[in-house]
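Listed below, chain by chain, are the residues.
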Amino acid sequence: MEKRYATEWDPPNDVNELYVPTAFETRNVGASLEVVPHVSPQGEAVRLDVAPQRVEMLGYDFFDAGKTTSGELTQIPQPKFFQSKASSTVTVQNGQQMLIGVHLLTKPENYMEIFIVQAWVTPIK
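What you see is a predicted model; the values in this text were computed from it and never measured.

A. Quick peek at the environment of aspartate 14. One can find aspartate 14 in the loop between strand S1 (2–10) and strand S2 (20–28). Note: C-alpha distance between aspartate 14 and threonine 69 (55 residues apart in sequence) is 8.5 Å.

Written as structure tokens, this is what we have:
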């Protein structure tokens, strides 16, 4: 899933008393897993460079940007993200399963997300 948010704004003008977003960024949120496999010469094991990750959007912080011509305070929202990431290298035997990551979720509370990999090697003839 992706979350898009404004990163730059134009100041208010005579017609519009609000800051207008002019540039945006997109950030992936949720769970992701990066894996780079390295098969042993005989094909009996696989070395995996793994990086399980979880990104959550927690909400927004609001920063004062100035006042409108009518004297009202204008605020600009900036998103707050929480990121949990680990990276490691593990070696698994052909067909073996391995737990490679556990992330405690902020919402819903008391839930965990686990990452398990299983690698198979099929020789090419």
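Once you've had a look at it, read on.
B. Here's a closer look at unusual backbone geometry. Of note in this structure, asparagine 110 is not a glycine but carries a positive phi near 65°. Inspection of the secondary structure assignment puts asparagine 110 in the loop between strand S7 (97–104) and strand S8 (112–118). Residue asparagine 110 is classed as exposed on the basis of its relative accessible area of 75%.

C. Representation of the nonpolar core. In terms of nonpolar packing, the biggest core is built from 10 residues, these being Val46, Leu48, Val50, Val90, Val92, Ile100, Phe115, Val117, Ala119 and Val121. Listing elements by their share of this core, those giving two or more residues are strand S4 (45–67), strand S6 (88–93) and S8. The leading source of residues in this core is S4, at three residues.

Thresholds applied
- Residues numbered from 1 in each chain as written.
- Predicted model: local features only at pLDDT ≥ 70, side-chain atom pairs only at ≥ 80, totals over all residues.
- Heavy atoms only, no water.
- Helix = DSSP H or I, 4+ residues; strand = E, 2+ residues; numbered from the N terminus.
- Buried < 20%, exposed > 50% of the residue type's maximum accessible area, 1.4 Å probe, protein only.
- Core = buried A, V, L, I, M, F, W, Y, C linked by side-chain atoms within 4.5 Å.

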